[in-house]
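Secondary and tertiary structure notes
What follows is each chain in one-letter form.
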Amino acid sequence: MATALALVGTAMSVKGQLDAAKAAEDAAKAAEEQAKYNAQVAVNNMVGNQNDLAFQESAAALENKVGMQQAQVERKALRQKLTGELGKVRSRPTFGGSYTDIFKAAQAQADTQLAEFDFGASQKTYAGFKQYQDFGRQMGLAYSLGMSNRDMTLSEGANKAYQFRVQANQSKLGAFATGLSGLGDAASSTDNFKKSIFKT
């Protein structure tokens, strides 16, 4: 009777350890699946971030292009205005001064105004170009960070799955050892029982 109870106890212990091994294997699969899902979320977030940056980059490029076109129109208007003013200088009579000196001074002032306008327009264009360039840099950075986040997530999932598989293997090994020990104890108990009955 004691031997039968010992065998039942051993069987229950082995069953419990095998169930724990199965649960650890299931946890390993779940860890891998969760890592794949989280990695896909990281990639989707990266793509969304890149799309936002691409839109901002396009908007900056359009704003820069419109700004350059507007600057060209404004420069043309300024040039026409200055040419008209120079025409008025040409038609003025000179009183005691040299016509050439007056015209040269007016021409220099007009050239200075155009140069100042061109400098201001080029500063705006350069700032727009740098902003456009920065969006490209940010998109590259978003891609790198998104992909490294994905890789890290997959690696963490693989590590967790490995740990669960090690735990499952340990449970299986424990079940095997418990089974052998239980059978050995049962055999020993049976042998002792036979010796006690047939003792002379």
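Our structure is the block above this text.
Residues numbered from 1 in each chain as written. Predicted model: local features only at pLDDT ≥ 70, side-chain atom pairs only at ≥ 80, totals over all residues. Heavy atoms only, no water.

Time to look at the overall build of the protein chain. Assigned secondary structure in the protein chain consists of two helices and zero strands. The buried share of the protein chain, reckoned over its 200 residues, is 21%. Counting contacts in the protein chain only where the partners sit at least 6 residues apart, residues at least 24 apart contribute 90% of the total. (Helix = DSSP H or I, 4+ residues; strand = E, 2+ residues; numbered from the N terminus. Buried < 20%, exposed > 50% of the residue type's maximum accessible area, 1.4 Å probe, protein only. Contact = heavy atoms within 4.5 Å.)

A few words now on the pattern of salt bridges. In the structure shown here, the tally under the stated rule is eight salt bridges. In this structure, the salt-bridge partner of Asp 134 is Arg 137, at a minimum N-O distance of 2.8 Å. A residue pair is termed a helical-turn pair when its members lie 3 or 4 positions apart in one helix, as Asp 134 and Arg 137 do in helix α2 (residues 99–197) at three residues. A residue is classified by how much of its surface remains accessible, and Asp 134, at 29% relative accessible area, is partly exposed. Classification of Arg 137 as partly exposed rests on a relative accessible area of 49%. (Salt bridge = Lys/Arg side-chain N within 4 Å of Asp/Glu carboxyl O.)

With that settled, consider a nonpolar patch on the surface. A grouping of Tyr 126, Phe 129 and Tyr 132 is seen on the molecular surface, where their side chains present a nonpolar patch of about 320 Å² in accessible area. Take Phe 129: it is sitting in helix α2. (Patch = residues over 30% accessible without salt bridge, like charges linked within 9 Å, V, L, I, M, F, W, Y side chains within 5 Å. Areas by Shrake-Rupley, 256 points an atom, 1.4 Å probe, with all protein chains shown as cover.)

Inspection of the secondary structure puts Asn 64 in helix α1 (residues 2–91). Its relative accessible area of 16% is what places Asn 64 among the buried residues. Those residues in contact with Asn 64 that lie beyond four places of it in its chain are Lys 124, Thr 125, Gly 128 and Phe 129.

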